[in-house]
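Chain residues, written in single-letter form:
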Amino acid sequence: MDLDDLCARFVQAQLAGDRREALRLVMEEGVGRGAPASEIALRVLQTAQRKIGELWQDNRISVADEHLATAIAQVVLAHLYRLSPASPLLDKLVLFGCVEGEHHEFPARLAADVLDLAGYDVRFLGADVPTESLVSMIRRERPDVVALSATMSFNLRSLRMTVARLRSDFGEAPPILVGGAACDMLADPAQELGADGFARDTHDLVGIVGRLVSRPAPLAGREVLGGIP
């Protein structure tokens, strides 16, 4: 199955505002022909959203077009979540959200679904989470990992400030994972932001979260996906 071609046609359906065609492509020509729902989510939806983001950044589509495309992707993602087999529960809680000021929640939602299906108890907080509310929820829920997402480059400052605030209030526990397109601008996102791990994409997300929850606190050093501490 040519998932690259499927992705290209999915993007066309998004840009046309045709949610029925987008859903048909994924359900009939993707899952219906044997592709795992998890693979479709990563190689079609995630890749399509990156393409949509690039088109918007290049001023080839409007903000309204980007919002329409994302809304369609969210509908399809919900269907894929329902079809994906879930692993046994691990009794580990992950608090996942976008930093204050970040309104692009789809990448974080997809990543949260991946962790949920891997057996983690995920509390997804969505877009633009006020730092004070995040702090309060961490105190109440006592998560094993806090995952923070930032897509737009101008939200790097918010991400850095949020990590610093959590370190000030909670020290080295819980460990903090950062991700999102904004982090790609940094040579060493985990080190530069003061986090414990960096997820460049969802392919290796489950592995690094597993390592973070299994490490004793306080954590010694930082860990980067696909690299060395």
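Rules used throughout
Residues numbered from 1 in each chain as written. Predicted model: local features only at pLDDT ≥ 70, side-chain atom pairs only at ≥ 80, totals over all residues. Heavy atoms only, no water. Helix = DSSP H or I, 4+ residues; strand = E, 2+ residues; numbered from the N terminus. Buried < 20%, exposed > 50% of the residue type's maximum accessible area, 1.4 Å probe, protein only. Axes fitted to C-alpha atoms, helices over the stretch in contact; angles between N-to-C directions. Parallel < 35°, antiparallel > 145°, perpendicular 65-115°, else oblique. Left-handed = near helix turned anticlockwise from the far one by under 90°. Contact = heavy atoms within 4.5 Å. Nonpolar A, V, L, I, M, F, W, Y, C, P; charged D, E, K, R; others polar. Pairing = 2+ DSSP bridges. Salt bridge = Lys/Arg side-chain N within 4 Å of Asp/Glu carboxyl O.

A. Local environment of unusual backbone geometry. Across the junction of A173 and P174, the peptide omega takes the value 5°, indicating a cis bond. Relative to the helices and strands, P174 resides in the loop between α7 (156–170) and β4 (176–179). Unlike most non-glycine residues, N59 shows phi in positive territory, near 60°. You can see N59 is positioned in the loop between α3 (37–57) and α4 (63–83). Classification of N59 by relative accessible area gives exposed; the value is 69%. One non-glycine residue, D91, adopts positive backbone phi at about 60°.

B. The packing of helix α1 (residues 3–16) against α3, seen in detail. The geometry of α1 relative to α3 is characterised by a closest axis approach of 9 Å and an angle of 50° between their N-to-C directions. Regarding the angle of α1 to α3, the classification is oblique. The hand of the α1/α3 crossing is right-handed. Facing α1, whose interface residues are L3, D4, L6, C7, F10, V11, Q14 and L15, α3 presents E39, I40, R43, V44, L45, T47, A48, Q49, K51, I52 and L55. Residue classes in the contact of α1 with α3 are distributed as twelve nonpolar, three polar and four charged.

C. Spotlight on the pairing of strand β2 (residues 121–124). Where strand β1 (residues 93–98) and β2 come together, four bridges link them in parallel fashion. Across the sheet, residue F96 finds its bridge partner in β2, namely F124.

D. How the structure looks around the pattern of salt bridges. Taken as a whole and judged by the stated rule, the model has 15 salt bridges. The residue E105 makes a salt bridge to R109 at a minimum N-O spacing of 2.4 Å. E105 gets classed as buried once you look at its relative accessible area, which sits at 17%. Notably, a salt bridge pairs D184 with R200, separated by 3.3 Å at the nearest N-O pair. Note that D184 is positioned in the loop between β4 and α8 (189–193) and R200 in the loop between β5 (197–199) and α9 (205–214), a separation of 16 residues in sequence. By relative accessible area, which is 42% here, D184 ends up partly exposed. Residue classification places R200 among the partly exposed residues on the basis of a relative accessible area of 48%. Because the salt bridges share partners, they merge into one network encompassing D5, R9, E21, R24, E28 and E29.

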